[in-house]
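Below, each chain spelled out in residue letters.
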Amino acid sequence: MTADRETLDVYGRMAGDYAAMVHRERNDRHLDAFIKSLPARARVLDLGCGPGRAAARMAEAGLQVDAWDASPEMAALARERFGLEVRVAAFDALDAEAVYDGIYANFSLLHARRSKMPQHLDRIAKALTAHGLLHIGLKTGVGERRDSLGRFYAYYQESELAGLIETARFEILSRATGSEAGLDGVEAPWIVMKARKVD
C-alpha cells in the first residue's frame, strides 16, 4: 500500500470526527446526480469511501457497490454504521478491467501525489465499462502541501484537472465549484467533475 502514512494516521485518530462532519453535510446533489446517471443495478466503486455514507446511499438506491478505503479505521466505521463490506486498499490496488459502470472518487484522490494522478486516472478508465462514469472531487489550488492536521494534499486548477481527465480518455459532462470548511476548519475551494469514458 502506497497511501501516505501520516495522512492515514490522522484519519485513524479522527475517524469519528470526520464521520460526524460528513454526516452533518446535507448537500448531496452531486451524489444524487451520479446515481441518477447510472442504469438500474449498475456496479459502482466508491474509491476512498471514508465512513461509508455515500456508499450506503448508492446501495440504498439499488446500485451494486464495492467500497474501498486505505484507512482501516474508516473501513471499520463504514462496516459498523452501514453494514458495508469495505476493502482496505490504496488507489494503486485498482487493477480491474471493464468491471464498473461508475467510479465515485469524492475528495479522495486529493491525497495522492500529483505525479501519480495520470496513473490513477488510467487505472480508473481501465476499470470502467464502455461509457462508464467517473465522479471526481478535489480541492483547487497549486502544488502539494500538508494541512494543519498533517494530511497530505495535492491541488489542481480547473483547466489542469480537465486536461488530465480528457487525456485519460474521458468526456467531461459537468463541473461545479464551491468552497467549504473541512476537518481542519479551514475554508477551501473545491471542484467536482462528472465524466464519461470514451473509446
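What counts, and where the lines are drawn
Residues numbered from 1 in each chain as written. Predicted model: local features only at pLDDT ≥ 70, side-chain atom pairs only at ≥ 80, totals over all residues. Heavy atoms only, no water. Buried < 20%, exposed > 50% of the residue type's maximum accessible area, 1.4 Å probe, protein only. Helix = DSSP H or I, 4+ residues; strand = E, 2+ residues; numbered from the N terminus. Pairing = 2+ DSSP bridges. Right-handed = clockwise from strand over helix to strand, strands pointing away. Core = buried A, V, L, I, M, F, W, Y, C linked by side-chain atoms within 4.5 Å. Contact = heavy atoms within 4.5 Å. Axes fitted to C-alpha atoms, helices over the stretch in contact; angles between N-to-C directions. Salt bridge = Lys/Arg side-chain N within 4 Å of Asp/Glu carboxyl O. Phe/Tyr/Trp six-rings, centres within 6.5 Å; stacked < 30°, edge-to-face > 60°. Lys NZ or Arg CZ within 6 Å of the ring centre and 35° of its normal.

Colleague: In this structure, what is going on with the pairing of strand β5 (residues 128-139)? I would like to understand it.
Modeller: Two faces make up the sheet, and in a regular strand the side chains alternate between them. Judged by how many residues are buried, β5 sits mostly within the fold: ten of twelve residues are covered. Of the strand pairs in this sheet, strand β4 (residues 100-106) and β5 are connected by six bridges, and their pairing is parallel. The partner of Ile-103 across the bridge, within β5, is Leu-134. Note that the unit made of β4, helix α6 (residues 117-127) and β5 has a crossover that is right-handed. Inspection of the sheet shows β5 paired to strand β9 (residues 187-197) by seven bridges, in the antiparallel sense. Residue pairing in the sheet places Leu-134 in a bridge with Ala-195 of β9.

Colleague: Could you clarify how one ought to interpret the nonpolar core in this entry?
Modeller: Proteins that are soluble and globular tend to have nonpolar side chains buried together. By size, the foremost hydrophobic cluster in this structure holds 47 residues, and its most contacted members are Leu-94, Ile-103, Ile-124, Ile-136, Ile-165 and Phe-170. Residues contacting Leu-94, with those up to four places away along its chain left out, are Leu-45, Trp-68, Tyr-100, Ile-103, Arg-123, Ile-124 and Ala-127.

Colleague: Got a minute to help me understand the sheet that holds β4 in this structure?
Modeller: Within a sheet, each strand pairs with its neighbour through backbone hydrogen bonds, oriented either parallel or antiparallel. Taken in spatial order, the seven strands of this open sheet run β3-β2-β1-β4-β5-β9-β8, and their pairing is mixed. Looking at the sheet topology across the chains shown, the edges are occupied by β3 (86-88) and β8 (170-181). For this sheet the average axis-to-axis angle between neighbouring strands, irrespective of direction, equals 15°.

Colleague: Please clarify how the pattern of salt bridges should be interpreted in this entry.
Modeller: A side chain with one charge may pair with a side chain of the opposite charge, provided their charged atoms come close. Under the criterion given, the structure shown has 13 salt bridges. The partner of Asp-28 in a salt bridge is Arg-57, and the shortest N-O contact between them spans 2.6 Å. With Asp-28 in the loop between α2 (15-24) and α3 (29-36) and Arg-57 in helix α4 (residues 53-60), this pair connects stretches of sequence that are 29 residues apart. Owing to a relative accessible area of 13%, Asp-28 belongs among the buried residues under this scheme.

Colleague: Please clarify how the packing of aromatic side chains should be interpreted in this entry.
Modeller: The description of two aromatic rings rests on the distance between their centres and on the angle between their planes. For the coordinates displayed, the defined rule picks out three aromatic pairs. Both rings, one in Phe-107 and one in Trp-190, keep their centres 6.3 Å apart while their planes meet at 90°; by these two values the pair is edge-to-face. Of this pair, Phe-107 sits in the loop between β4 and α6 while Trp-190 is found in strand β9, placing the two residues 83 residues apart along the sequence. Looking at Phe-107, the relative accessible area reads 24%, which means it is partly exposed. Looking at Trp-190, the relative accessible area reads 10%, which means it is buried. The ring of Tyr-156 carries the charged tip of Arg-114 above its face, separated from the ring centre by 4.9 Å. Sitting above the plane of the Tyr-155 ring, Arg-145 keeps its charged end 4.1 Å from the centroid.

Colleague: When you look at α4 in this model, what are you seeing that I'm missing?
Modeller: Residues spaced three or four apart along an α-helix point in a common direction, a consequence of the helix completing one turn every 3.6 residues. Within the span of α4, buried status applies to Arg-53, Ala-54, Ala-55, Ala-56 and Met-58. Just beyond α4, the residue with positive phi is Gly-62, at close to 95°.

Colleague: Any chance you could explain the pairing of β8 here in plain terms?
Modeller: Bridge analysis of β8 against β9 gives eleven bridges, and the strand direction is antiparallel. Across the sheet, the residue bridging to Ala-181 is Glu-187, located in β9.

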